[in-house]
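Single-letter residue listing:
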Amino acid sequence: MKNPHAEIDQLFKLAEEKIKLVENLDGLPFPAVNQLRYVAFHLLRAEFAPDEKHRESELRKAKNHCQRAIYDASEIGIMHYLNEFALFQNDYRTTTITDVVPDYLEHRRLANEARNFAASITRKSISDHCENQDDQYQKSGEYFEALRKNNEILQEARPELGKKIQRNRRYFLFAITGLTVAILTLIVTILK
Amino acid sequence: MSLIDTIKSIVALFPKPPVHTEKDRREAKRKIVARFATGNLSLQAGKYLTEKDINKRRERVLSHTF
């Protein structure tokens, strides 16, 4: 069995890392920071626990709060990038994106998957009383990372998609001008 | 005193009822936090997320189909 203090230390560092990432995106996430406050609370209680059973219970709670902090921070990141994805979709709703981003459908699938994952997590399913929440916090971290990479690619594609829209607009303008000239020529010819 | 000034002074006697929206209250809170925060730069800039902010965005994003 792993040393609980070493495990908590590792999780705490990971939680801090995620919180920093989110802080740079949207601002300091209070719910995640609060969870870390509870970690300190349970660690102190473990330190002064009357017996080994209480000590273990407090350490487990501290570990769960670390995991919850990671989940909370990751979820904010997931929501941020899903929001960015929705904005991207809205901005280029009239353009074929797959010409510029060939694996766009894969990005979309991932976004829907992450959305369904976040929707499936309820506040009760992840808490300090939960026995095993390893999967949830790890998965949320993975989605956060995957969506971050996706977002980077999509933001890179913006200038190219902008050029494509500009080109299409130019073609449309040429077509309208050509059509107008043709109609005017026809009218003049008929009037003569 | 011109007619316009007279009308303006009469209208000023009956001001519109003050409106304090949720947005105004939130902005006021942010300003207070930004003013009194020390140490954390995000807090000093009034850049933070509360449970309410997070849940609001969560609901909006989760109702969207990509």
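Structure first, text after, so check above.
Residues numbered from 1 in each chain as written. Chains lettered and ligands numbered in written order. Predicted model: local features only at pLDDT ≥ 70, side-chain atom pairs only at ≥ 80, totals over all residues. Heavy atoms only, no water.

**Section: empty space enclosed by the protein**
Residues and elements named next belong to chain A. To keep things clear, this is the line we draw: Of the two site types, the cavity is a set of points on a 1 Å grid over the protein atoms alone where a 1.4 Å probe fits but cannot get out, and the pocket is an open set with protein on both sides within 12 Å along at least five of seven lines, each lined by residues with an atom within 4 Å of a point. Grid points are joined across faces, edges and corners, and a volume is the space filled by probe spheres set on the points. Only runs of H or I of at least four residues qualify as helices and only runs of E of at least two qualify as strands under DSSP, and these elements are numbered from the N terminus. Nonpolar residues are Ala, Val, Leu, Ile, Met, Phe, Trp, Tyr, Cys and Pro. Charged residues are Asp, Glu, Lys and Arg, and all others, Gly as well, are polar.
Counting across every chain of the model gives two cavities of 30 Å³ or more. Its volume calculated, the largest cavity comes out at about 60 Å³. Contributing to the lining of the largest cavity are Tyr81, Phe85, His107, Ala111, Leu147, Asn150, Asn151 and Leu154. Taken together, the elements giving at least two residues each to the lining of the largest cavity come down to helix H3 (52-91), helix H4 (104-120) and helix H5 (134-191). For the lining of the largest cavity, the element with the most residues is H5, which contributes four residues. A per-class count over the lining of the largest cavity returns five nonpolar, three polar and no charged.

**Describing the nonpolar core**
Our working rule: Here, the term nonpolar core denotes a set of buried Ala, Val, Leu, Ile, Met, Phe, Trp, Tyr and Cys residues that are joined through side-chain atoms within 4.5 Å. Buried means the residue's accessible area, taken with a 1.4 Å probe over protein chains only, is under 20% of the maximum for its type, while exposed means over 50%, and partly exposed covers the values in between. We call two residues contacting when some pair of their heavy atoms lies within 4.5 Å.
Formed by 50 residues in total, the largest nonpolar core has its most connected members in Ile78, Leu82, Phe88, Ile97, Tyr104 and Leu147 of chain A together with Phe66 of chain B. Mapped onto this core, the elements with two or more residues apiece are helix H1 (4-25), helix H2 (30-47), H3, H4 and H5 of chain A together with strand E1 (48-49) and helix H4 (51-62) of chain B. If sequence neighbours within four positions are ignored, Ile78 of chain A has contacts with Ala114, Ser140, Tyr143, Phe144 and Leu147 of chain A.

**Focus on the interface of chain B and chain A**
When the parts of a complex come together, some accessible area is lost, and that lost area is often used as the size of the interface. Rules: Accessible area, probed at 1.4 Å, shrinks when two parts are joined; the buried area is that loss added up over both. Basic side-chain nitrogens of Lys or Arg form a salt bridge, by our definition, when they fall within 4 Å of a carboxyl oxygen of Asp or Glu. N or O atoms within 3.5 Å of each other form a polar contact, as long as, within protein, one can give a hydrogen and the other can take it, and as long as residues adjacent in sequence are counted only when both atoms are side-chain atoms. We treat two strands as partners when DSSP finds at least two bridges between them.
Across the boundary between the two partners, chain B contributes 18 residues, which contact 27 residues of chain A. Here chain B packs against chain A, burying approximately 2000 Å² in sum over the two surfaces, 56% of which is carbon and sulfur. At the boundary of chain B and chain A, one finds two salt bridges. Residue Arg58 of chain B is joined to Glu75 of chain A by a salt bridge in which the shortest nitrogen-to-oxygen separation is 2.8 Å. Inspection of the chain B/chain A interface yields 15 residue pairs in polar contact (both at pLDDT 80 or more). Among the elements that line the side of chain B that touches chain A, the one with the most residues is H4 of chain B, at eight residues. Its residues placed into classes, the side of chain B that touches chain A shows seven nonpolar, six polar and five charged. Sheet topology places strand E1 (residues 28-29) of chain A next to E1 of chain B; two bridges connect them, and they run parallel. Residue pairing in the sheet places Pro29 of chain A in a bridge with Leu49 of chain B of E1 of chain B.

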